[in-house]
Amino acid sequence: APPVRGSVELRGVRFGYADGPDVLRGLDLVVPAGQTHAVVGSTGAGKSSLLRLVLRFSDPREGQVLLDGTDVRELGWDALRGAIGYVSQDVFLFHGTVRDNLAYGRVDATDEQVQEAARQAEAHAFITALPQGYDTVVGERGQTLSGGQRQRIALARAILRDPALLVLDEATSAVDTETEAAIQRSLAAVTASRTALVVAHRLSTVRDADRIWVLADGRVAEAGSHDELVEAGGIYAGLWAV
Ligand code: TTP
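These lines cover the structure that appears in this document, whether it is placed above or below. (Residues numbered from 1 in each chain as written. Predicted model: local features only at pLDDT ≥ 70, side-chain atom pairs only at ≥ 80, totals over all residues. Heavy atoms only, no water.)

### Quick look at the overall build of the protein chain
So, point 1. Across its full length, the protein chain holds ten helices and twelve strands.
So, point 2. Since a compact globule built from 242 residues should have a radius of gyration of about 18 Å, the 18 Å found for the protein chain is in line with a globular shape.
So, point 3. Taking all 242 residues of the protein chain together, 48% fall into the buried category.
So, point 4. Total accessible area computed for the protein chain in this model is approximately 11300 Å², and 48% of it derives from carbon and sulfur atoms.
So, point 5. When the 24 positive and 32 negative side-chain charges of the protein chain are each reduced to one mean point, those points stand 3 Å apart. (Helix = DSSP H or I, 4+ residues; strand = E, 2+ residues; numbered from the N terminus. Rg over C-alpha atoms; globule rule 2.2 N^0.38 Å. Buried < 20%, exposed > 50% of the residue type's maximum accessible area, 1.4 Å probe, protein only. Areas by Shrake-Rupley, 256 points an atom, 1.4 Å probe, with all protein chains shown as cover. Lys, Arg positive; Asp, Glu negative; His and termini not counted. Charge placed at Lys NZ, Arg CZ, Asp CG, Glu CD.)

### With respect to the site of the ligand
So, point 1. If you check the shell around the ligand, you find Tyr17, Val23, Ser42, Thr43, Gly44, Ala45, Gly46, Lys47, Ser48 and Ser49 and nothing else.
So, point 2. Between the ligand and Lys47, the relevant distance is 2.8 Å, taken from an oxygen atom to a side-chain nitrogen or oxygen of the residue.
So, point 3. Within the contact set of the ligand, an oxygen atom lies 2.5 Å away from a side-chain nitrogen or oxygen of Ser49.
So, point 4. Relative to its unbound accessible area of 600 Å², the ligand is 57% covered by the protein chains.
So, point 5. The biggest single contributor to the shell around the ligand is helix H1 (residues 47-54), with three residues.
So, point 6. For the shell around the ligand, the residue count by class is three nonpolar, six polar and one charged. (Near = heavy atom within 4 Å. Polar contact = N/O pair within 3.5 Å; in protein donor to acceptor, adjacent residues only side chain to side chain. Nonpolar A, V, L, I, M, F, W, Y, C, P; charged D, E, K, R; others polar.)

### Thoughts on the sheet that holds strand S3 (residues 36-40)
So, point 1. Read across the sheet, six strands follow the order S6-S9-S10-S3-S11-S12 without closing on themselves; strand pairing throughout is mixed. Each of the sheet's edge strands pairs with one partner strand only, and the pair in question is strand S6 (84-87) and strand S12 (219-224). Taking each pair of neighbouring strands and ignoring which way they run, the sheet shows an average axis angle of 20°.
So, point 2. In this sheet, S12 lies alongside strand S11 (residues 211-216) in antiparallel orientation, the contact comprising five bridges. Considered in S12, the bridge of Ile212 is made with Gly224. (Pairing = 2+ DSSP bridges. Axes fitted to C-alpha atoms, helices over the stretch in contact; angles between N-to-C directions.)

### Description of the packing of helix H4 (residues 111-120) against helix H6 (residues 147-161)
So, point 1. Running from N to C, H4 and H6 point in directions that differ by 125°, and their axes come no closer than 8 Å. In terms of orientation, H4 and H6 fall into the oblique class. H4 and H6 meet at a crossing whose hand is right-handed. Contact residues: Gln113, Val114, Ala117, Ala118 and Gln120 in H4; Ala156, Ile159 and Leu160 in H6.
So, point 2. Looking at the contact of H4 with H6 residue by residue, the class counts come to six nonpolar, two polar and no charged. (Parallel < 35°, antiparallel > 145°, perpendicular 65-115°, else oblique. Left-handed = near helix turned anticlockwise from the far one by under 90°. Contact = heavy atoms within 4.5 Å.)

### Some remarks on the pattern of salt bridges
So, point 1. Going through the model one piece at a time under the given rule, you end up with 15 salt bridges.
So, point 2. The salt bridge partner of Arg61 is Asp22, with a shortest N-O separation of 2.7 Å. Of the two residues, Arg61 sits in the loop between H1 and strand S4 (62-67) while Asp22 sits in strand S2 (residues 22-31), which places them 39 residues apart along the sequence.
So, point 3. Looking at Asp22, the relative accessible area reads 22%, which means it is partly exposed.
So, point 4. Salt-bridge contacts for Arg99 lead to Asp100; the nearest nitrogen and oxygen are separated by 4.0 Å.
So, point 5. Judged by its relative accessible area of 40%, Asp100 falls in the partly exposed class.
So, point 6. Several salt bridges converge on common partners, so that one network encompasses Arg14, Asp22, Arg61 and Glu62. (Salt bridge = Lys/Arg side-chain N within 4 Å of Asp/Glu carboxyl O.)

### Here's the deal with the environment of Gly105
So, point 1. Within the element layout of this structure, Gly105 appears in the loop between helix H3 (98-102) and H4.
So, point 2. Sequence separation of Gly105 and Ala158 is 53 residues, and the distance between their C-alpha atoms is 9.2 Å.

As structure tokens, this is what we get:
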């Protein structure tokens, strides 16, 4: 198997929107290839802004964002898009069949590949239970599917594109325990063989992360494993009230 890639590094990153104030202030963060790291923090801490920089939706005012050691500003758009799979909170589904939505970005995928990706993402069972299975047409915003189902479709889509790095903005919507467990298994499948940076809203996601970065006021306030951060009794412990 080829070596896992997709390492991310932010070096001394300062960032703000338009002529607004700094939102990130001297941020340093490293996600080694193959690991899954979670970013947590209260609302407005700068989590989405951090993801925007990795995806190059924005560029920093100061400092660098590196993907596999190369400044993302020096990577071509094709290389960047090919290397990164982005699953946003608001999963984008178009008016078409479930199959076509899964194969988005991989129109060459065979039915076997599509179904295998859906199985790994814990989506196969609910898809086959739909009236027309994989041929069921979903609405523009995927209204026929629940939030948890849409997120698993997006994870299957990411598996199919096989990016080195998965950037995930986890949905905040509340789901039942069964769906939560399915999403967790899906996430485990997607992150097993690649690098992942997840803005996490679920305790189950951060518990499984190799490292957790706690943002506060645009800086890394704490970092460590779940147990270490609970032990420290700081911001993280307060976020989950553990
Ligand atoms: P975010 O980066 O959105 O902070 P967050 O992701 O931690 O918050 P949430 O959990 O609620 O999603 O915002 C950080 C600051 O940047 C905040 O003061 C709002 C500001 N901001 C803008 O001015 N323009 C933007 O487009 C975004 C995304 C944020």
